[in-house]
Amino acid sequence: MPTILANDIHNRSVEPRHLGLSVANDFAGALTLGMPVYVSGVVTDSTSKFFGMLKVNKADSNATFPANIATHIVIETIAQNGAGRVARAATLYNVDTSAWASVGDPVYVSTTAGLWSQTAPSGTDANVQRCGYVSVKSSTVGTMVLDVSAAPIQGASTATLLAADNTWSGTNTYNDAV
């Protein structure tokens, strides 16, 4: 299953559709621009300059809840042990989208943490989360329109519940018994 890798991205930029939320990095490394992430907790160390901030980590559709649901998109690179901003919806520019067949193809949270994929996860434990679509197909100036605010449905069979125009045509709730 091809995915967007950090090394495949050239001069990537992002345009959030909202101002973004300040968060702390809960990953043992940097969270790079455009990554799908989930809220992993709250900074509880009262001596930390990030006390009370939400923590985020890389989303992975094969992980266990809550890590299998992307809740935000990184809109500025967040250093290890640092803070930065995330948004629920954004447009990624200058991304390699050449692996997608055509404009309009869906973008899913990958089974590899922190990456996007053009293929819906199909494992029995995989969460299918369709987050957007490719709006420009290119190896250097590709564009993705993303919105992680729609609630995902657990299970590989849920791809049939998503309409071709990126709207839900099924139940808009989390249900791990599908």
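Read on for an overview of the structure.

1. Some words on the overall build of the protein
Piece 1. Across its full length, the protein carries zero helices and 13 strands.
Piece 2. Secondary structure of the protein in N-to-C order comes out as β-β-β-β-β-β-β-β-β-β-β-β-β.
Piece 3. Expressed as a percentage of its 178 residues, the buried residues of the protein come to 45%.
Piece 4. Only carbon and sulfur atoms are counted for the fraction: they give 52% of the accessible area of the protein, which is about 8,200 Å².

2. Observations concerning the sheet that holds strand β2 (residues 21-25)
Piece 1. The strand order around the closed barrel built from five strands is β2-β4-β3-β5-β6, with neighbouring strands paired in mixed fashion. Neighbouring strand axes in the sheet, compared pairwise and without regard to direction, differ in orientation by 55 degrees on average.
Piece 2. As paired elements, strand β3 (residues 36-42) and strand β5 (residues 72-74) share two bridges and run antiparallel to each other. Following the sheet pairing, P36 is matched in β5 by I73.

3. A closer look at the pairing of strand β8 (residues 106-109)
For a regular strand, the rule is simple: side chains alternate between the two faces of the sheet.
Piece 1. Because side chains alternate across β8, one face comprises the buried residues P106 and Y108, and the other comprises V107 and V109, equally buried.
Piece 2. One ladder, built from three bridges, connects β8 with strand β11 (residues 130-136); its direction is antiparallel. Bridging from a neighbouring strand, V107 pairs with G132 of β11.
Piece 3. The turn joining β8 and strand β9 (residues 116-117), which pair antiparallel and follow one another in sequence, is formed by six residues; a positive phi near 80 degrees is taken by G114.

4. Details of the nonpolar core
For soluble globular proteins, nonpolar side chains are generally found buried alongside one another.
Piece 1. In terms of nonpolar packing, the biggest core is built from 17 residues, with V107, W116, M144 and L146 touching the most fellow members.
Piece 2. Among the secondary structure elements, those contributing two or more residues to this core are β7 (89-95), β8, β11 and β12 (142-147).
Piece 3. Top element by residues in this core is β7. It accounts for three residues.
Piece 4. Leaving out residues up to four positions away in the same chain, V107 has contacts with W100, W116, S117, Q129, R130, C131, G132, Y133, V134, M144 and L146.
Piece 5. Listed in part, the eight residues of the second largest apolar core include V23, V56, I78 and V86.

5. A few points about the pattern of salt bridges
Piece 1. Taken as a whole and assessed by the stated rule, the structure comprises one salt bridge.
Piece 2. Put simply, R85 and E76 hold a salt bridge, and the shortest N to O gap is 3.5 Å.
Piece 3. Taking relative accessible area as the criterion, R85 reaches 29% and is therefore assigned partly exposed.
Piece 4. By relative accessible area, which is 30% here, E76 ends up partly exposed.

6. Some details on the pairing of β7
Piece 1. Most of β7 is tucked away, with five of its seven residues classed as buried.
Piece 2. Both β7 and β12 contribute to a ladder of five bridges, which runs antiparallel. Across the sheet, L92 pairs through a bridge with M144, a residue of β12.

7. Thoughts on the environment of L146
Piece 1. The residue L146 is located in strand β12 in this model.
Piece 2. Taking the C-alpha atoms as reference, L146 lies 4.3 Å from G132; in sequence the two are 14 residues apart.

Rules of the game
- Residues numbered from 1 in each chain as written.
- Predicted model: local features only at pLDDT ≥ 70, side-chain atom pairs only at ≥ 80, totals over all residues.
- Heavy atoms only, no water.
- Helix = DSSP H or I, 4+ residues; strand = E, 2+ residues; numbered from the N terminus.
- Buried < 20%, exposed > 50% of the residue type's maximum accessible area, 1.4 Å probe, protein only.
- Areas by Shrake-Rupley, 256 points an atom, 1.4 Å probe, with all protein chains shown as cover.
- Pairing = 2+ DSSP bridges.
- Axes fitted to C-alpha atoms, helices over the stretch in contact; angles between N-to-C directions.
- Core = buried A, V, L, I, M, F, W, Y, C linked by side-chain atoms within 4.5 Å.
- Contact = heavy atoms within 4.5 Å.
- Salt bridge = Lys/Arg side-chain N within 4 Å of Asp/Glu carboxyl O.

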